[in-house]
Amino acid sequence: MKKTMTFHSITKNLFVLVILLFNVIISAQESTSNDYTEESTKGNFFSSEERQNFFVIMVGGHKPFTSGDNFMGKGLKGKSGIDFRVQMYVYKQFFIGVASGASYLDVKNQELLGNYKKTRISENYFYLGYEFLPAESLRLGVNISIDGDLRYKNTGFSSSDIADQYDSAKLNRYGFYLNYELGRHFMLYLDYGYNISKTNINTPSTVEDFFSKGKYSTIGLGLVFTIGSRDLISRFLD
C-alpha cells in the first residue's frame, strides 16, 4: 500500500508540473507553430530539431485481448478500455512518462474464476522509451514500464449479499505506437501494448500458478496533443 500511495503522489505532482509549465511553454509553442512547413519537418531517423517536442498528452481508448494458460486467458474476455498518458522528452527523442487507464472485461468461465460477471482493471505505471522518425508525418515509439500497478475490481455477483471484490497486482508492460501528424501540435496515434500482471491473489497451492500471473494485450487509438518544441536538456543548455 505504501508503494501505491507513493506512485499516486508522484503522479499528482507530475500533473501539477504540467499545469505550471503550460503557461510558459505555450508562448514558445505559438512562436514556432508558424514555422511548421514541409521543408522544416525534414530530419533524420533518430531525431529532428524542427520536429522536437517537450510534452505530449495522449488520450484514447483500447480493446483488451486476454491470452495464455492463466486466469485471464482462460476466464476473461476483453471489452473496452480508456487511456491517458503524459510524456516528457528528456533528450531529443528519449522520453519518460506516466500513464493511467482502465480495461473492462467480461467473465467467460465462472467455473474457473468465481460467481461474478465483470472485471475492471485500473492501470497506473511509469514508463520510458524512444521515438523514431521514419517518415515526414510519422513517429514510431517504443516503450517499457519501469514501475506499475494494477487493481482488479470484480463485480456482478449472483447474490446481492456479496460485495465487490478487489485484488492487486504488479504490472510489466511493453509497447509501441505509431503517430500520424495532422499538424505541428496535433496527431493521431495507434498503439499496441503487451501486459503481464503479477498478482497478489491468495489461492490454494494447487491453482497458485494459474492465478499468479495474467497476460493481456491492448490495441489502442486516440489523440495526441503536444506542448513545446525543445527537449528538457536542450532547455538547460541554451
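Please read these numbers as outputs of a predicted model, since none were measured by experiment.

Next up on the list: unusual backbone geometry. You will see that Lys-92, though not glycine, has its phi angle at about 55°, which is positive. By the element assignment, Lys-92 lies in the loop between β2 (76-91) and β3 (94-107). Note on Lys-92: relative accessible area 35%, which makes it partly exposed.

This next bit is on the pattern of salt bridges. For the structure on display, the rule yields 8 salt bridges. For Glu-131, the salt bridge identified is with Arg-139, shortest N-O distance 2.7 Å. Each member of the pair Glu-131 and Arg-139 is classed as buried. The partner of Glu-181 in a salt bridge is Arg-139, and the shortest N-O contact between them spans 2.6 Å. Of this pair, Glu-181 sits in strand β6 (residues 165-183) while Arg-139 is found in strand β5 (residues 138-155), placing the two residues 42 residues apart along the sequence. Each member of the pair Glu-181 and Arg-139 is classed as buried.

This part is about the environment of Ile-162. With respect to the helices and strands, the residue Ile-162 is situated in the loop between β5 and β6. When its relative accessible area of 39% is taken as the criterion, Ile-162 is described as partly exposed. On a C-alpha basis, the gap between Ile-162 and Asn-115 in space is 10.0 Å, while along the polypeptide they are 47 residues apart.

Conventions used here
Residues numbered from 1 in each chain as written. Predicted model: local features only at pLDDT ≥ 70, side-chain atom pairs only at ≥ 80, totals over all residues. Heavy atoms only, no water. Helix = DSSP H or I, 4+ residues; strand = E, 2+ residues; numbered from the N terminus. Buried < 20%, exposed > 50% of the residue type's maximum accessible area, 1.4 Å probe, protein only. Salt bridge = Lys/Arg side-chain N within 4 Å of Asp/Glu carboxyl O.

As far as function goes, none of this settles anything; it's purely spatial.
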